[in-house]
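# Architecture at a glance
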Amino acid sequence: MTLRTHPNLADPDATYAALLAAHKGLTPEESHALNARLVLVLMNHIGDAETLAQALDLAKKA
Amino acid sequence: MPYAYRPFPVVPVKTPDRRHKVAIVGAGPVGLALAIDLAQQGVASVVLDDNNVVSVGSRAICWSKRSLEILDRLGIGEKCVEKGVTWKVGRTYHKGQEVWNFDLQPDPGHKMPAFVNLQQYYVEEYLVERCLQLPLIELRWKNRVTGVAQDTQGVTLTVETPEGPYQCHTDWVVACDGARSALRGMLGLDFDGELFEERFLIADIEMKGDFPSERRFWFQPDFHPGQSALLHKQPDDIYRIDLQLGWDADPELERQPERVIPRIEKAVGHADFRLDWVSVYTFQCRRLRNFVHDRVIFAGDSAHVVSPFGARGGNGGLQDVDALGWRLAGVVKGRDPAILRAYDRERCFAADENLLNSSRTTRFMSPADGAEREFRDAVLALAGRASFARPLVNSGRLSRPCTYPLPGADDGLPQGARPGSVAPDAPLPAGWLIELLGDQPLLLALGCAAPEVPDLAQLQLDRTPEIIARYLGPAPHALYLIRPDQIVAARWISADTETISAALTALWSPLS
Ligand SMILES: Cc1cc2nc3c(=O)[nH]c(=O)nc-3n(C[C@H](O)[C@H](O)[C@H](O)COP(=O)(O)OP(=O)(O)OC[C@H]3O[C@@H](n4cnc5c(N)ncnc54)[C@H](O)[C@@H]3O)c2cc1C
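Thresholds, definitions, all that
- Residues numbered from 1 in each chain as written.
- Chains lettered and ligands numbered in written order.
- Predicted model: local features only at pLDDT ≥ 70, side-chain atom pairs only at ≥ 80, totals over all residues.
- Heavy atoms only, no water.
- Helix = DSSP H or I, 4+ residues; strand = E, 2+ residues; numbered from the N terminus.
- Rg over C-alpha atoms; globule rule 2.2 N^0.38 Å.
- Buried < 20%, exposed > 50% of the residue type's maximum accessible area, 1.4 Å probe, protein only.
- Areas by Shrake-Rupley, 256 points an atom, 1.4 Å probe, with all protein chains shown as cover.
- Lys, Arg positive; Asp, Glu negative; His and termini not counted.
- Charge placed at Lys NZ, Arg CZ, Asp CG, Glu CD.
- Pairing = 2+ DSSP bridges.
- Axes fitted to C-alpha atoms, helices over the stretch in contact; angles between N-to-C directions.
- Domains from an automatic or database assignment.
- Contact = heavy atoms within 4.5 Å.
- Buried area = accessible area lost by both parts, 1.4 Å probe.
- Salt bridge = Lys/Arg side-chain N within 4 Å of Asp/Glu carboxyl O.
- Polar contact = N/O pair within 3.5 Å; in protein donor to acceptor, adjacent residues only side chain to side chain.
- Parallel < 35°, antiparallel > 145°, perpendicular 65-115°, else oblique.
- Left-handed = near helix turned anticlockwise from the far one by under 90°.
- Nonpolar A, V, L, I, M, F, W, Y, C, P; charged D, E, K, R; others polar.

### Brief notes about the overall build of chain A
Helix and strand counts for chain A come out as three helices and zero strands. When its helices and strands are written in sequence order, chain A yields α-α-α. For 62 residues, the compact-globule estimate of 2.2 N^0.38 gives 11 Å, and the C-alpha radius of gyration of chain A, at 13 Å, exceeds that figure by more than 25%. The principal-axis extents of the C-alpha atoms in chain A amount to approximately 35 × 25 × 25 Å. Across the 62 residues that make up chain A, the buried fraction comes to 11%. Accessible area of chain A: about 5000 Å², with a carbon and sulfur share of 63%. Of note, chain A has its 5 positive side-chain charges centred 2 Å away from the centre of its 7 negative side-chain charges.

### Notes on the sheet that holds strand E13 (residues 200-206) of chain B
All names here are of chain B. Spatially, the seven strands line up as an open sheet ordered E6-E5-E14-E15-E16-E13-E17, and their pairing is mixed. The open sheet has two edge strands with one neighbour each: strand E6 (97-103) and strand E17 (274-281). Across the sheet, the mean angle from the axis of one strand to that of its neighbour is 15°, orientation sign disregarded. Pairing between strand E5 (residues 89-94) and E6: six bridges, direction antiparallel. Counted as the bridge partner of Gly90 is Phe102 from E6.

### Observations regarding the domain arrangement of chain B
All names here are of chain B. Under the domain assignment, chain B is made up of domain 1 (20-87 + 112-191 + 287-355), domain 2 (193-285) and domain 3 (415-507). The C-alpha centroid of domain 3 is placed 28 Å from the C-alpha centroid of domain 1. Opposite the 14 residues of domain 1 that make contact, domain 3 presents twelve residues. Here domain 1 meets domain 3 over a buried area of about 1100 Å², counting both sides, of which 43% is carbon and sulfur. A per-residue breakdown of the area domain 1 buries against domain 3 is headed by Arg66, Arg73 and Trp326, which together make up 49% of the total.

### Side note on the environment of Leu398 of chain B
Residue and element names in this part refer to chain B. Relative to the helices and strands, Leu398 resides in the loop between helix H10 (371-383) and strand E22 (442-446). Its relative accessible area of 7% is what places Leu398 among the buried residues. Separated by 259 residues in the primary sequence, Leu398 and Leu139 have C-alpha atoms spaced 32 Å apart. Setting aside residues no more than four positions away along its own chain, Leu398 makes contact with Trp87, Phe102, Leu104, Phe115, Arg215, Gly310, Ala311 and Arg312.

### Topic: the interface of chain A and chain B
The partner chain B presents eight residues to the seven residues of chain A that form the contact. Overall, the association of chain A and chain B removes approximately 730 Å² of surface from exposure, summing both partners, and the carbon and sulfur fraction of that is 85%. Put simply, chain A and chain B have zero salt bridges between them. Connecting chain A to chain B are zero residue pairs in polar contact (both at pLDDT 80 or more).

### Topic: the packing of helix H1 (residues 29-40) of chain B against helix H8 (residues 313-332) of chain B
Residues and elements named next belong to chain B. Their axes nearest at 9 Å, the elements H1 and H8 cross at an angle of 30°. Of the possible angle classes, the one that applies to H1 and H8 is roughly parallel. Viewed along their axes, H1 and H8 form a crossing whose handedness is right-handed. Packed against H1, whose contacting residues are Pro29, Val30, Ala33, Leu34, Asp37 and Leu38, the element H8 presents Gly317, Leu318, Val321, Asp322, Leu324, Gly325, Trp326, Leu328 and Ala329 at the interface. Class assignment of the residues belonging to the contact of H1 with H8 gives a composition of eleven nonpolar, two polar and two charged.

In structure tokens form, the structure reads like this:
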């Protein structure tokens, strides 16, 4: 499977706001922990190792 | 009752010493097992050990199914199972809640259980007893090897004894002298890998308890805040407790009973126990780049060390013996020494698998500060709530035999018996299939007759549910060539004499 890099969110602003809202009021450590859990949840959702490798690559290069 | 150490008799060596075919340095589980394997193949050896008792302190306790099969081939497997505590279920907890469990033998119909727990000193005691039954083995206690020199003809070891030093001349040396291998040092070989900046308190305690025969592992338990803990049951009412201490702990201080006892009281919930043995360890994952150095061959901890969470040290070492014994015996009997390269290749491959698993576990248990710890904690936090996170919880991936990368895997027969894997066990009308395999090459003819092949023993078996499931799959019949170490060398749905003969010859080729 190829990593989707074209826009895929129906409402980008709302989704982005939801991400910020989840972090609202958290200390930097709590935010890190939340992000770590979120990465794991999404990683499992994607499942495919090749797609994940592409995602890691893109994130590292950005 | 504490184990009663009985010193083995130290017999002065008559000098000048006779020339040996094989000298084994180190009478730990690996050296002793190798001597037995060679003797069963008709090859004599002398075993030199600097001590004269079995392992002081228990060290290894978990022996895998594959080790038990190997020990059974060597004559002591049943004794180990009888004395040991059999288990197959492991449970992992996070802050009091069970977050992951595994059953290592869900499938019945094997002679040997997934694991038994048995103190290393018992295993060594049984191995020594077995050695004493075999006239081809000479055990020399209080013989410390302090020098080595080799040329194309053989090796000369300098050996210190209570009566003074002597020279031991031999065709081959197998260095089974443990993690701090003197021979490795004398040959100036690098031992590459990593040291984990972590300390563990390892204690054996004697107590009456009704803990189940399961492996139990805790991350951040209330009784040992912020760290991890492991509890294992052994025979004689002995329990093994591992407590993670952190890198800053002072090993000398932590070994003191006044420090140890309160920690264990908290872990087991009472004070009614006797301290049997305590040590503080730092673990490493390292290996030699090559295990064969001309006429000096390394096996066991001298060749590779791993952290013990996964029980891959001693179990890996016994598999070294398995892969080496028949080949070295072949060389002593005149085969091309180049076949030892196949030992080197197979066991380096296996060591990498063991090192990979052990270091991943150690990192999970003892993550570096920063992202490593954040993700580890995230896995543990999620594991209680979401099942996907549970397989990510890593408290040890327990020793399994590796499958050597041999060709011929994709022929429609079951993957579990593909070339390179251990021939799966199966119940027979009387006894077990695994009991009939090993020590020499064998052609298994399953559900058919086999063509006659010179110098190759045959065993014909009927189709049973287990034979079908483990060896045949949809195929009506099959032929399996099994190596002396019970590894599947080659297999066919049908084959003629020439094909099978060629596969038999290939066993003795360095490229096989
Ligand atoms: C706390 C702990 C727990 C463990 N748990 C497990 C487990 O559950 N399962 C498992 O499989 N493994 C386990 N291991 C690992 C296991 O103990 C080792 O892998 C195993 O002992 C290796 O066997 P060996 O024969 O290669 O070396 P050793 O057992 O170390 O034997 C080496 C022998 O060589 C002798 N020797 C050394 N130098 C010389 C010399 N110069 N001349 C002559 N003789 C010499 C020594 O006296 C010794 O007898 C554990 C280890 C530790 C420390």
